[in-house]
Amino acid sequence: MKKGRYTYLLLLIITSAAQAQFSQVTLSGMTRDAKNKAALSFVNVRLLTAKDSNFVAGTISGEDGRFSLPDSKPGGYVLMISYVGYQPAAQPVTIGQLSAYLHLGNIELMPEEKLLGEVTVTGQQEAVSQKMDKKTFKVADNISQAGGSVLEAIRNLPGITTGQDGTVQLRGSDKVMILLDGKQTALTGFGGQRGLDNIPASAIERIELINNPSSKYDANGHAGIINIIYKKEKKEGFNGRAALAAGAGALWVKRENYPAIRPQYQGTPKINPSLSLNYRQHKLNLFFQGDNLYTKTLNKNEFANRFYDDGDTVLQQTKRNRTTNIVTLKTGADWFINSDNTFNISGLFSSEKILDRGDEPFFNGDLSKRQRLWQFLEDELKTTVTAAAGWQHTFRQPGRTLNIGFNYTFHREDEKYFFTNIMPAYTGLDSFKLLSDEHVADLTMDYVQPLKHGRFETGFKYRRRYIPVNMQFKPGINSPLDVNAGGWADYSETIPAVYGNYVFENARFEIEAGLRVEYVGVEYDVNPNHPTYKSDGYDYTQPFPNLRLAWKINDDNKLSLFYNRRVDRPNEVDLRIFPKYDDAEIIKVGNPALRPQFTNTAELGYKTGWNAGYLFAAVYHKWMNATITRIGSIVPGSTIIYNIFQNAGKSYSTGMELMVSQDLAQWATVSLNLNGYQNTIDAFTVVNKYPVENTFTAGKEDLFSGNIKFNGLFHLPAQWEAQLFAIYQAPDLIPQGKTFARFSIDAGVKKGIQQGRGELFGNFTDLANTLQLKKEIKGDGFRYVSNDYYETQVFRVGYSYKF
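Residues numbered from 1 in each chain as written. Predicted model: local features only at pLDDT ≥ 70, side-chain atom pairs only at ≥ 80, totals over all residues. Heavy atoms only, no water.

**Considerations on the overall build of the protein chain**
Next up, step 1: Within the protein chain, the secondary structure is distributed over 3 helices and 45 strands.
Next up, step 2: In terms of C-alpha radius of gyration, the protein chain reaches 29 Å, essentially the compact-globule figure of 28 Å for 803 residues.
Next up, step 3: Counting over 803 residues, the protein chain shows a buried share of 56%.
Next up, step 4: A separation of at least 24 residues holds for 69% of the contacts in the protein chain among residues at least 6 apart in sequence. (Helix = DSSP H or I, 4+ residues; strand = E, 2+ residues; numbered from the N terminus. Rg over C-alpha atoms; globule rule 2.2 N^0.38 Å. Buried < 20%, exposed > 50% of the residue type's maximum accessible area, 1.4 Å probe, protein only. Contact = heavy atoms within 4.5 Å.)

**Re the sheet that holds strand β4 (residues 66-72)**
Next up, step 1: Spatial strand order, β4-β1-β7: 3 strands in an open sheet with mixed pairing. Lying at the two open borders of the sheet, with one neighbouring strand each, are β4 and β7 (101-109). Taken over all neighbouring pairs, the strand axes of this sheet differ in orientation by 20 degrees on average, direction set aside. (Pairing = 2+ DSSP bridges. Axes fitted to C-alpha atoms, helices over the stretch in contact; angles between N-to-C directions.)

**A look at the side chain of Asp 291**
Next up, step 1: Residue position: Asp 291 is located in strand β16 (residues 284-308).
Next up, step 2: Buried within the structure, Asp 291 lacks any salt-bridge partner; Arg 241 is the closest side chain of opposite charge, at an N-O distance of 6.7 Å.
Next up, step 3: Look past the residues within four positions of Asp 291 in its chain and what remains in contact with it is Pro 200, Ser 202, Ala 203, Asn 272, Pro 273, Ser 274, Ile 326, Val 327 and Thr 328. (Lys, Arg positive; Asp, Glu negative; His and termini not counted. Salt bridge = Lys/Arg side-chain N within 4 Å of Asp/Glu carboxyl O.)

**Description of the confidence of the model for the protein chain**
Next up, step 1: Across the protein chain, the average pLDDT comes to 86, with 93% of residues at or above 70.
Next up, step 2: Low pLDDT, under 50, characterises residues 114-129; the stretch is placed with 42 contacts to residues that sit more than four places away or in other chains. (pLDDT = per-residue confidence, 0-100.)

**Let's talk about the packing of aromatic side chains**
Next up, step 1: All chains considered together, the criterion is met by 22 aromatic pairs.
Next up, step 2: Judged by centre distance (6.1 Å) and plane angle (40 degrees), the rings of Phe 238 and Phe 803 are tilted. In this pair, Phe 238 is assigned in strand β14 (residues 237-249) and Phe 803 in the segment after β45 (794-802), connecting sequence segments 565 residues apart.
Next up, step 3: You can call Phe 238 exposed: its relative accessible area is 54%. (Phe/Tyr/Trp six-rings, centres within 6.5 Å; stacked < 30°, edge-to-face > 60°.)

**Focus: the environment of Phe 714**
Next up, step 1: Within the secondary structure, Phe 714 sits in strand β37 (residues 701-716).
Next up, step 2: Phe 714 sits in the partly exposed class, given a relative accessible area of 22%.
Next up, step 3: In this structure, the C-alpha to C-alpha distance between Phe 714 and Ile 60, residues 654 residues apart in sequence, is 49 Å.
Next up, step 4: Setting aside anything within four residues of it in sequence, one finds Phe 714 in contact with Trp 667, Ala 668, Trp 720, Glu 721, Ala 722 and Leu 724.

**Digging into unusual backbone geometry**
Next up, step 1: Between Tyr 690 and the following residue, Pro 691, the backbone shows a cis peptide bond with an omega angle of -5 degrees.
Next up, step 2: Counting through the fold element by element, Pro 691 comes out in the loop between β35 (684-688) and β36 (694-698).
Next up, step 3: The backbone of Asp 71 sits at a positive phi, close to 60 degrees, despite the residue not being glycine.
Next up, step 4: Within the element layout of this structure, Asp 71 appears in strand β4.
Next up, step 5: A relative accessible area of 56% means that Asp 71 is categorised as exposed.
Next up, step 6: A positive phi angle, near 60 degrees, is found at Ala 718, a position not held by glycine.
Next up, step 7: Of note, Ala 718 is situated in the loop between β37 and β38 (720-729).

**Brief notes about the pairing of β37**
Next up, step 1: Direction of pairing for strand β34 (residues 668-681) relative to β37: antiparallel, over a ladder of 14 bridges. By the bridge assignment for β37, Val 670 is matched with Gly 712.
Next up, step 2: Where β37 lies against β38, 10 bridges are found, and the strand directions are antiparallel. Residue Gly 712 lies in a different strand from β38, and its bridge partner there is Leu 724.
Next up, step 3: Following β37, the chain reverses through 3 residues before pairing antiparallel with β38; Ala 718 in that reversal takes a positive phi of roughly 60 degrees.

**Looking at the sheet that holds strand β5 (residues 75-82)**
Next up, step 1: Taken in spatial order, the 4 strands line up as β3-β2-β5-β6 in an open sheet, and their pairing is antiparallel. Strands with a single pairing partner mark the edges of an open sheet, and in this sheet they are β3 (55-60) and β6 (89-95). Pairs of neighbouring strands in the sheet enclose a mean axial angle of 20 degrees, with direction left out of account.
Next up, step 2: Alignment of strand β2 (residues 44-49) against β5, held across 6 bridges, turns out to be antiparallel. Considered in β5, the bridge of Leu 47 is made with Leu 79.

**Some words on the environment of Ala 618**
Next up, step 1: Inspection of the secondary structure puts Ala 618 in strand β30 (residues 613-625).
Next up, step 2: Here the alpha-carbon distance between Ala 618 and Gly 96, two residues 522 residues apart in the chain, equals 22 Å.
Next up, step 3: Residues contacting Ala 618, with those up to four places away along its chain left out, are Arg 171, Glu 603, Leu 604, Gly 605, Gly 655, Met 656 and Glu 657.

**Quick look at the side chain of Arg 565**
Next up, step 1: For Arg 565, the location among the structural elements is in strand β26 (residues 557-568).
Next up, step 2: Although buried, Arg 565 forms no salt bridge, and the nearest oppositely charged side chain, Glu 518, lies 8.8 Å from it.
Next up, step 3: Of note is the side chain of Arg 565, whose polar atom sits 3.1 Å from the side chain of Gln 542.
Next up, step 4: The residues touching Arg 565, leaving out its near neighbours within four places in the chain, are Gln 542, Pro 543, Phe 544, Pro 545, Phe 598, Thr 599 and Asn 600. (Polar contact = N/O pair within 3.5 Å; in protein donor to acceptor, adjacent residues only side chain to side chain.)

As structure tokens, this is what we get:
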């Protein structure tokens, strides 16, 4: 039980885990004659502790003079080398935690005829090494969110907030890049983020939050990276895991519907069966994972009050009942050809079926008259297929590796929309059919060269992405959209990139410096008959540097300084020319003239620890150029709001993150996470071209926001564990307005059974049913305030068994 408590403390609550924090390190080197530089065979090599010269490990060099000492723990040591006919040599060695392999280079021995003077060896205990740029969490340890999607599991993590629309914010920004097993896929998006709610958490081993990525990663996503790691068994033989989770949401009505519309979902079912299988024998490893996530959800239940400058007031409700079924299959094989070469292939298939049924009534200011009723049906099928192949070659020098990989992704969006506009004098019927096929191919090469005090990494990546989109629009009577809203548009993207990254570490200091250079060429070809937009695109060649400097003050205290430059490229849907209903009077449309947003980030982090606790603190500042934001505006003679992406000029974000955990007793551990930030958007003026040209001007806006998270883990008798989680989100700045404060509490329990092979769990999200999303938006000629009482309270139970 005590071991489990510390595992949870390190992997879930202590949130400053290193990007590559290794507890077992391999030392390697070459023994040579100091005079003629010839390799010396069968030289005795011993590793001793620097403090008291205790023996740790030993080996002899091979015929080519190479030696290797695996499984060495971080610390201060002395390497003793001796050989008949040569003078013994001693070399201080500091083993850190940033590299799994350290290459000491050539160690030269002098023949006996030339005696060495006295050798004095000094060494220092290596300080606790954590890079503070990455945090790692095991999904299985998040009891209060077990049985749901990755989106639900991730909301408890430090610095993360989630919205009703499925987006994730990291330190107050939604410009986050999502990776699956370290790779971008169409399942989660190649530009912005998407799709975290369509990945079952039961398939995931762990989640990594990377606030300060190195040059190894794509430059996209200034807020950082969320890397989702699938489960993969490493045991020999045949083994697996079967699980079933079930639950219900919307247990009672938060707010009753406006009159004469269809009922909102209640008692919504949640069912998630899953199966993982693995067979590992000799040179072959085969794996399979399958999940089916079926849910019904009250996805939206927003009550909005609109106020126009002409004195008119409109009260409306937008209710959306959603049914989703997601099937995910992942399979593959690893072939260990020999000790130097490994080949792997994998494939993933995902099918997401979504049915949305909604009602949106519009009333006058006192609800005495219904002005119109808008109903809709959205039928979407999203299909994703990915295939990956990789080859790794390990050289004779331990830690020196070459990796070559190829990934292909196909993603189809087949969407049908049916809208019924019931007016006092007529009924209009609009319908859309949209088909989008995304093809992405990535070729990568990565090379790692261990050095005496670190390593050097380099590589390249080439991406080709092509997305043809076709939309058919059938307007009904008096449709608010123009009859030419449909058509076709083709998006293509070419990105070659090269990078280099150098890591140095000694007993007191760490340096990591890298540079990534990317060329991006984007072409956006538009139907020539489109009334507003024409073919457009952009290209650039830009450097993206990163730097990390760290000072290990002592074993328990460390200071790190980060700098990086990143970019947020518009995704295809941000450029997409086809209008789409957000609701009956809010139309969302892309902007082919949208350009990338470039961001510089500086961060100072501090970490300290003690026997029963841990503290991490960071201050950061981001400054953005060509800030991407969505602008809502109306045109003369219409109350319809058009939401269009624009580059709004300069913006800034300055914040502080604080994480502290403490063991209150052997059975209780608590942690507190605070994240506060000031968002500022400078004054700007933009010209919206759709549906007719109009100018929008906004003054400077700024707001201080943040969130507080409390997490408690309790170890109870008879293998019971319990978790209590609470979050408070302060008001925040959004384009043309703000969101208001919100608060919720989650709880969960689990129990190990069947001698550790089985596990039962139960949890409850938003216990008090207090979570709602309130926002206020101001534009030229209008203002509206809305409260969204969407489904947040869910109860789940589940069982899993390992075999």
